Amino acid sequence: MNPPRIADTARSPHTRGMRDVLTLLLNGENRQFETSARGPLSVLGLLTELGLDMRKVAVERNEEIVPRSRYAETWLASGDQLEIVHFIGGG
Amino acid sequence: MDQAMTDQDVYAEDAWTVAGRTFRSRLIVGTGRYKDLEETGAAIAASGAEIVTVAVRRVNLSDPKAPMLQDYVDPKKYTYLPNTAGCFTANEAVRTLRLAREAGGWNLVKLEVLGPPPLLYPDMRGTFEAAEVLIKDGFEVMVYCADDPLAAKRLEEMGCVAIMPLGAPIGSGLGVQNPAMISMMMEHITVPFLVDAGVGTASDAAIAMELGCTAVLLNSAIAHAKRPVIMAQAMKHAIAAGRLAYLAGRMPRTMGADPSSPLTGLIR
């Protein structure tokens, strides 16, 4: 169902330049991010780029929670599925 | 009720505790289906509720600066109770609450695993499955369930911190359709016991409280009233009235009249 993932994404800083476009399934939509100019993208970088208030959202990557304390060190790889959620009104 | 307490004490000391947290208000309100966030905030303030249920949903990435619930319903002032509304499988419910815990940093949650529309009746198999995983994972689970005494007891034994059967289908406003079953279920439950769905107007909430429920959880009855803020006040009073009536202990029902005025000393 999903494209193959880079197994150890923690190493992606060293793979800079190998891949210029990062394709993520973000809240159910395919989104592409240029990585050639600024290098790999972390969850922290993604949230900043999206303009989200980090204190009010939670992130799941490939069905696993990404703890807030690990946003900066969690590197994203093409094919990653991300859910970014927040609280809304509900009963 | 302790006979040594004065009437004043009975009300003054009336509070309830769930998962170690103590609350005065016995009304839990949802934050959904309001016209806008301002009305949500105003209605919740008027209800006097201390716990509010909230849903977990995808952020709208095309409008990241849109106002958020937290701006109108302060999480420092109200206890947020994340729910799993809209979850039809145990896995969805578990993932949703793990995200909620990360977003808010608390363990107290409301679990509901629903069957298909139009009834959205509690799916008890999915509910058991999710409850087991969540409890193992350190959550304190307040659970929405069918009005099934065996299921409720089993959920309590598993470690759920509150049992919350429906009075009627979610959002139906049909009122407490099962007062006898609610009463009978309550007999065997020691953790807080709430009616969670079906309340349509103030008298329904009062009935649930008169039956002896610990508290009532409702949303649409306020949000879908023509004037939600006024209905929120009505609910606050109804919950208090129902609770006091329960504490007071109602008079027995008798078939036939029993006049209040003396039958002696009448003029002839």
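Quick note: structure is the one above.
Residues numbered from 1 in each chain as written. Chains lettered and ligands numbered in written order. Predicted model: local features only at pLDDT ≥ 70, side-chain atom pairs only at ≥ 80, totals over all residues. Heavy atoms only, no water.

1. Notes on the interface of chain A and chain B
For interface size, the figure often reported is the accessible area lost on association.
Stage number 1. Between chain A and chain B, the contact holds 27 residues from the first and 33 residues from the second.
Stage number 2. The contact between chain A and chain B buries some 2,700 Å² in all, and 59% of this surface belongs to carbon and sulfur atoms.
Stage number 3. Linking chain A to chain B there are four salt bridges.
Stage number 4. The salt bridge partner of B:Arg95 is A:Glu63, with a shortest N-O separation of 3.5 Å.
Stage number 5. One can count 15 residue pairs in polar contact (both at pLDDT 80 or more) joining chain A with chain B.
Stage number 6. Of all the secondary structure elements, the ones that give two or more residues to the side of chain A that touches chain B are strand S3 (58-61), strand S4 (64-66) and strand S5 (81-89) of chain A.
Stage number 7. By residue number, the principal contributor to the side of chain A that touches chain B is S5(A), which donates seven residues.
Stage number 8. Looking at the side of chain A that touches chain B residue by residue, the class counts come to 13 nonpolar, seven polar and seven charged.
Stage number 9. Pairing between S5(A) and strand S4 (residues 51-58) of chain B: five bridges, direction antiparallel. In the sheet register, A:Ile88 faces S4(B), and the bridge partner there is B:Ala55. (Contact = heavy atoms within 4.5 Å. Buried area = accessible area lost by both parts, 1.4 Å probe. Salt bridge = Lys/Arg side-chain N within 4 Å of Asp/Glu carboxyl O. Polar contact = N/O pair within 3.5 Å; in protein donor to acceptor, adjacent residues only side chain to side chain. Helix = DSSP H or I, 4+ residues; strand = E, 2+ residues; numbered from the N terminus. Nonpolar A, V, L, I, M, F, W, Y, C, P; charged D, E, K, R; others polar. Pairing = 2+ DSSP bridges.)

2. A word on helix H4 (residues 124-136) of chain B
All names here are of chain B.
Stage number 1. Its 13 residues place the ends of H4 18 Å apart at the C-alpha level, agreeing with the 18 Å of an ideal helix rising 1.5 Å per residue.
Stage number 2. Close packing links the buried residues of H4 with helix H3 (90-104), strand S6 (108-111), strand S7 (140-145) and helix H5 (149-158).
Stage number 3. Capping the start of H4 is the job of one residue whose side-chain oxygen sits 3.1 Å from the backbone nitrogen of Arg125: Asp123.
Stage number 4. Downstream of H4 by one or two residues, Gly138 has phi in the positive range, about 90°. (Expected span 1.5 Å × (residues − 1).)

3. Section: the packing of H3(B) against H4(B)
Residue and element names in this part refer to chain B.
Stage number 1. Direction vectors running N to C along H3 and H4 enclose 35°, while the axes themselves pass 8 Å from each other. In this structure, H3 meets H4 at a crossing whose hand is right-handed. Together, Ala90, Ala93, Val94, Leu97 and Arg98 of H3 and Gly126, Glu129, Ala130, Val133 and Leu134 of H4 make up the contact between the two elements.
Stage number 2. A breakdown of the residues in the contact of H3 with H4 according to their chemical character gives seven nonpolar, one polar and two charged. (Axes fitted to C-alpha atoms, helices over the stretch in contact; angles between N-to-C directions. Left-handed = near helix turned anticlockwise from the far one by under 90°.)

4. Quick look at the pattern of salt bridges
Stage number 1. On inspection of all chains with the given rule, the structure shows 18 salt bridges over all chains.
Stage number 2. One salt bridge in this structure joins A:Asp53 and A:Arg55, with 2.9 Å as the shortest N-O distance.
Stage number 3. The exposure class of A:Arg55 is exposed, given its relative accessible area of 62%.
Stage number 4. If you follow the salt bridges from partner to partner, you end up with A:Asp53, A:Arg55, A:Lys56 and B:Asp71 in one network. (Buried < 20%, exposed > 50% of the residue type's maximum accessible area, 1.4 Å probe, protein only.)

5. Describing the sheet that holds S6(B)
Residue and element names in this part refer to chain B.
Stage number 1. The strand order S6-S7-S8 describes an open sheet built from three strands, whose pairing is parallel. Each edge of the open sheet carries a strand with a single partner, namely S6 and strand S8 (162-165). Pairwise comparison of adjacent strand axes, ignoring direction, gives a mean angle of 20° for this sheet.
Stage number 2. When S7 meets S8, the two strands line up parallel, connected through four bridges.

6. What about helix H1 (residues 43-50) of chain A?
Residues and elements named next belong to chain A.
Stage number 1. Among the residues of H1, Val43, Leu46, Leu47 and Leu50 are the ones counted as buried. Down the axis of H1, the smallest arc covering the buried residues is 95°, so these residues share one side.
Stage number 2. Downstream of H1 by one or two residues, Gly51 has phi in the positive range, about 75°. (Arc of directions from axis to C-beta.)

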